[in-house]
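Commentary on secondary and tertiary structure
The chain contents come next:
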Amino acid sequence: MAITLNEAKIGMADKVDQQVVDCFRRSSQLLDGMVFDNVISPGAGGSTLTYGYIQLKTPATAAVRTVGSEYTPGEAKREQKTTDAIIMGGAFQVDRVLQGTSGAVDELAFQAEQKIKATANYFHEMVINGNGENGTFDGLKKLLSGTANEITSTVSLTSSQELDENYNAFLDEMDSFLSALDGTASMLLMNRDMLIKLRSVARRAGYYERNKDDFGRTVETYAGIPMVDMGKFFDGNESRDVVATQEGKTAIYAVCLGLDGFHGISPQGNGVITAYMPDLNAPGAVKTGEVELVAGVALKNTLKAAVLKDIAIG
């Protein structure tokens, strides 16, 4: 069964839980648009959140033959793979006196919203950079490494002059990059600096549009495909771009969202997101709240995602 966060929200009776889900959706265009296969059933003892699937590595081919000859045999190639949903989130505490005197700013709501944003950013970090270690799942950087859909850019966009001189060459690269996908990209994932460059290219080519979504967010598109800033990940010491820029070079990831392509995984039911809000009328001076996202990702078809890497932006 497939479910989106919006559909998960509809199945929730608690209004607070619905508001928490909407906050996750506002915090992440990717989470808002992603389809989750909610079929994981933890094994004996509830110790595993593993999801097994068959990945299409190489599609089948077709050919012609002459009368009296045979086709050259060729088969589609599949690989059995597993990935894990992981438990992300955190707890926060608010003193009841601070909550009672917080005035126009609801301290409990503020802390919950900040924890939700942090969790969404952690999910973004795993989607791009997860490596399957320390209980995490494989992200797109690892899933696409060494595949035909890992494409290297040769165009420099480091200055306005280079944008003017090279945007047509970069459009050609983008065409080749997007045509490597089996289908139309649902989203283009990148960092903010790359989004600014791609916006400039799209404007020069007449490919740029911007609209408002149901949450009032500005959604910018390249040739009709949403451009998504994956934001920054705070590791407790510093904030860094989820899609890194190293030595002036960065990347764009394209994904086709769907159960036959790139999608989320989650436990059975509507338990993708859970909130635990404290009873402010119960005894205890310090109230504890928690938010939790239980999810992972799977790439069913290696042609449903691609990366254009080493784009020189400065």
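Structure shown above.
Residues numbered from 1 in each chain as written. Predicted model: local features only at pLDDT ≥ 70, side-chain atom pairs only at ≥ 80, totals over all residues. Heavy atoms only, no water.

1. Digging into the environment of Val255
The following threshold applies: Helix numbers and strand numbers start at the N terminus; a helix is a DSSP run of H or I with at least 4 residues, a strand a run of E with at least 2. Buried means the residue's accessible area, taken with a 1.4 Å probe over protein chains only, is under 20% of the maximum for its type, while exposed means over 50%, and partly exposed covers the values in between.
Along the chain, Val255 turns up in strand β13 (residues 249-255). Val255 gets classed as buried once you look at its relative accessible area, which sits at 0%.

2. Thoughts on the packing of helix α7 (residues 160-179) against helix α8 (residues 192-205)
What counts, and what does not: Here an axis means a line fitted to C-alpha atoms, over the contact stretch when the element is a helix, while the angle between two N-to-C directions is reported on a 0 to 180 degree scale. Angular relationships are summarised with four words: roughly parallel below 35 degrees, roughly antiparallel beyond 145, roughly perpendicular across 65 to 115, and oblique for the angles in between. Residues count as neighbours in contact if any of their non-hydrogen atoms are within 4.5 Å of one another. Here the term charged refers only to Asp, Glu, Lys and Arg, the term nonpolar to Ala, Val, Leu, Ile, Met, Phe, Trp, Tyr, Cys and Pro, and the term polar to all other amino acids, Gly among them.
Where α7 meets α8, the closest approach of the two axes is 9 Å, and the angle between their N-to-C directions is 85 degrees. If you check the angle between α7 and α8, you find them roughly perpendicular. Seen from α7, the contacting residues are Ser160, Leu163, Asp164, Tyr167, Phe170, Leu171 and Met174; seen from α8, they are Met194, Lys197, Leu198, Ser200, Val201, Arg204 and Ala205. For the contact of α7 with α8, the class distribution of residues is nine nonpolar, two polar and three charged.

3. Quick notes on the layout of surface pockets
The line we're drawing: Detection works on a 1 Å grid of protein atoms alone, calling trapped sets that fit a 1.4 Å probe cavities and calling open sets with protein on both sides within 12 Å along at least five of seven lines pockets, with lining residues defined by an atom within 4 Å of a point. Grid points are joined across faces, edges and corners, and a volume is the space filled by probe spheres set on the points.
One number sums up the size of the largest pocket: a volume of about 550 Å³. Surrounding the largest pocket, 21 residues form its lining, Ser27, Gln29, Arg192, Asp229 and Gly231 being those nearest its centre. Residue classes in the lining of the largest pocket are distributed as six nonpolar, seven polar and eight charged. Around the second largest pocket sit 18 residues that line it, and Lys141, Gln246, Ala251, Tyr253 and Lys309 are the ones nearest its centre. Of all the secondary structure elements, the ones that give two or more residues to the lining of the second largest pocket are α5 (107-129), α6 (140-143), β13 and β17 (305-312). It is β13 that contributes the most residues to the lining of the second largest pocket, four residues altogether. Looking at the lining of the second largest pocket residue by residue, the class counts come to nine nonpolar, four polar and five charged.

4. Quick look at helix α2 (residues 15-27)
The criterion, for reference: Expected helix span is given by 1.5 Å per residue-to-residue step, counting one fewer step than there are residues.
Between its first and last C-alpha atoms α2 spans 18 Å; for 13 residues at 1.5 Å apiece the expected length is 18 Å, and the two agree. Three or more residues of α2 are buried, namely Gln18, Val20, Val21, Asp22, Cys23, Phe24 and Arg25. For α2, the elements touching its buried residues are α1 (5-10), α3 (29-33), α5, β15 (273-276) and β16 (286-299).

5. What about α7?
Our working rule: To obtain the bend at a residue, axes are fitted to the seven residues ending there and to the seven starting there, and the angle between these axes is taken.
Here α7 is 20 residues long and its end C-alpha atoms lie 27 Å apart, about the 28 Å a rise of 1.5 Å per residue gives. Approximately 60 degrees is the largest bend angle found in α7, and it occurs at Asn166.

6. A few points about the environment of Thr83
Here is the rule: Pairs of N or O atoms within 3.5 Å make up the polar contacts considered here, provided that, within protein, one atom can donate a hydrogen while the other can accept it, and that residues adjacent in sequence are counted only when both atoms are side-chain atoms.
Here Thr83 lies in strand β4 (residues 77-84). Here the side chain of Thr83 touches Val297 through a polar contact of 3.4 Å, landing on its backbone oxygen.

7. What to know about the nonpolar core
Keep this limit in mind: In these notes, a set of buried Ala, Val, Leu, Ile, Met, Phe, Trp, Tyr and Cys residues joined through side-chain atoms within 4.5 Å is what counts as a nonpolar core.
Within the largest apolar cluster, 46 residues are counted, with the highest numbers of intra-cluster contacts made by Phe123 and Leu140. Broken down by element, this core gets its largest block of residues, six residues, from α5. When sequence neighbours within four positions are dropped, the list of residues in contact with Phe123 reads Leu30, Leu31, Met34, Met88, Phe137, Leu293, Ala295, Gly296 and Val297.

8. Topic: the sheet that holds strand β10 (residues 225-229)
Put simply, the test is: Two strands qualify as a pair provided DSSP detects at least 2 bridges between them.
One open sheet accounts for seven strands, arranged β6-β17-β13-β7-β10-β9-β8; its pairing is mixed. One side of each edge strand has no neighbouring strand; the edge strands of this open sheet are β6 (150-152) and β8 (208-212). Strand-to-strand twist across the sheet, computed as the mean angle between neighbouring axes with direction ignored, equals 30 degrees. Direction of pairing for strand β7 (residues 187-190) relative to β13: antiparallel, over a ladder of three bridges. Of the residues in β13, the one forming a bridge with Met187 is Val255. Packed on one face of the sheet, α7 meets β6, β7, β9 (218-222), β10, β13 and β17 and runs near 155 degrees to β17.

9. Side note on the pairing of strand β2 (residues 36-40)
Of all five residues in β2, four are buried, a share of seventy percent or more. Pairing of strand β1 (residues 2-3) with β2, which is carried by two bridges, proceeds in the antiparallel orientation. By the bridge assignment, Ala2 is partnered in β2 with Asp37. Here β2 runs beside strand β14 (residues 262-267); their pairing, made up of three bridges, is parallel. Residue pairing for β14: Ile40 is matched across the bridge by Pro267.

10. Quick look at the side chain of His263
Tracing the sequence through the fold places His263 in strand β14. The buried category is assigned to His263, whose relative accessible area is 0%. Separated by 3.2 Å, the side chains of His263 and Lys300 make a polar contact. Beyond its immediate chain neighbours, meaning those up to four positions away, His263 contacts Met34, Val35, Asp37, Tyr51, Gly258, Gly296, Val297, Ala298 and Lys300.

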